[in-house]
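# Secondary and tertiary structure notes
In case you want the letters, here they are:
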Amino acid sequence: MSHTHPKTTARTRRRKYVRKRISGTPVRPRVAVFRSARHIYAQVIDDESGRTLVAASTLSPELRDQEFEGKKAAAEAVGKLLAEKAKAANISAVVFDRGGYLYHGRVAALADGARAGGLEF
């Protein structure tokens, strides 16, 4: 019998709570964030069609070989890259889904980077 860590269970519960109220549309898609111990990932998703329109992460070819001054700087760079790719796909306004994580640290840095890149939340 496997036991899930209480932090993971709590995040999953918060994620479900947030997803009940937030959904992406073609006009204003959803930015979903996933954070692991080493990397951060972000996707722009149209929930009505169930498609990922744009994605960026610290493993993206544009950022993979760069050195960052910590994880927050890497998250901000991912946000800027996501905004750049979204602008290329004619997406300017999005809804932010923090994925059950607190809006603090790397998650907030990603959002700030996306705003600095021109995305409107």
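So, how was this worked out
Residues numbered from 1 in each chain as written. Predicted model: local features only at pLDDT ≥ 70, side-chain atom pairs only at ≥ 80, totals over all residues. Heavy atoms only, no water. Helix = DSSP H or I, 4+ residues; strand = E, 2+ residues; numbered from the N terminus. Rg over C-alpha atoms; globule rule 2.2 N^0.38 Å. Buried < 20%, exposed > 50% of the residue type's maximum accessible area, 1.4 Å probe, protein only. Contact = heavy atoms within 4.5 Å. Areas by Shrake-Rupley, 256 points an atom, 1.4 Å probe, with all protein chains shown as cover. Lys, Arg positive; Asp, Glu negative; His and termini not counted. Charge placed at Lys NZ, Arg CZ, Asp CG, Glu CD. Phe/Tyr/Trp six-rings, centres within 6.5 Å; stacked < 30°, edge-to-face > 60°. Axes fitted to C-alpha atoms, helices over the stretch in contact; angles between N-to-C directions. Left-handed = near helix turned anticlockwise from the far one by under 90°. Nonpolar A, V, L, I, M, F, W, Y, C, P; charged D, E, K, R; others polar. Pairing = 2+ DSSP bridges.

### Some thoughts on the overall build of the protein chain
A tally of helices and strands in the protein chain yields 3 helices and 4 strands. When its helices and strands are written in sequence order, the protein chain yields α-β-β-β-α-β-α. Against the 2.2 N^0.38 benchmark of 14 Å for 121 residues, the protein chain shows a C-alpha radius of gyration of 14 Å, consistent with a compact globule. For the protein chain, the spread of C-alpha atoms along the principal axes amounts to about 45 × 35 × 25 Å. A burial count over the protein chain gives 40% of its 121 residues as buried. In the protein chain, the proportion of contacts linking residues at least 24 apart, taken out of those at least 6 apart, comes to 57%. For the protein chain, the exposed surface amounts to about 7,500 Å²; the carbon and sulfur share of it is 50%. In the protein chain, which carries 23 positive and 12 negative side-chain charges, the distance between the mean positions of the two groups comes to 10 Å.

### Some words on unusual backbone geometry
In this structure, asparagine 90 takes a positive phi of about 60° despite not being glycine. With respect to the secondary-structure elements, asparagine 90 resides in the loop between α2 (71–88) and β4 (95–97).

### What about the packing of aromatic side chains?
The full count for this structure, using the stated rule, is 3 aromatic pairs. Ring centres of phenylalanine 34 and tyrosine 41 lie 5.9 Å apart, and the angle between their planes is 35°; on these two criteria the pair is classed as tilted. Take tyrosine 41: its relative accessible area is 30%, and that puts it in the partly exposed class. Each ring, one from phenylalanine 96 and one from tyrosine 103, has its centre 6.0 Å from the other, and the planes form 90°; the classification is edge-to-face. Here a set of aromatic residues connected by ring pairs shows up, and it is made of Phe96, Tyr103 and Phe121.

### Quick look at the packing of α2 against helix α3 (residues 106–116)
In the contact formed by α2 and α3, the axes pass within 7 Å of each other and the chain directions differ by 35°. Crossing of α2 against α3: the hand is right-handed. Contacts between α2 and α3 involve Lys71, Lys72, Ala75, Glu76, Val78, Gly79, Lys80 and Ala83 on the former and, on the latter, Arg106, Ala109, Leu110, Gly113, Ala114 and Ala116. Across the contact of α2 with α3, the residue classes break down as 7 nonpolar, 2 polar and 5 charged.

### Looking at the sheet that holds strand β2 (residues 40–46)
To summarise the sheet geometry, strands pair through backbone hydrogen bonds and adopt either a parallel or an antiparallel arrangement. In spatial order, the strands read β3-β2-β1-β4; together these 4 strands make up an open sheet with mixed pairing. Looking along the sheet, the strands with just one partner apiece sit at the ends: β3 (51–57) and β4. Each strand of the sheet is rotated relative to its neighbour by a mean of 20°, with strand direction disregarded. Taken together, the 6 bridges between β2 and β3 define a ladder with antiparallel strand orientation. Its bridge partner being in β3, tyrosine 41 is matched across the sheet by serine 57. In this fold α3 packs onto β1 (30–35), β2 and β4, with an angle of close to 145° to the strand it touches most, β1.

Function cannot be read off these values alone, since they describe shape.
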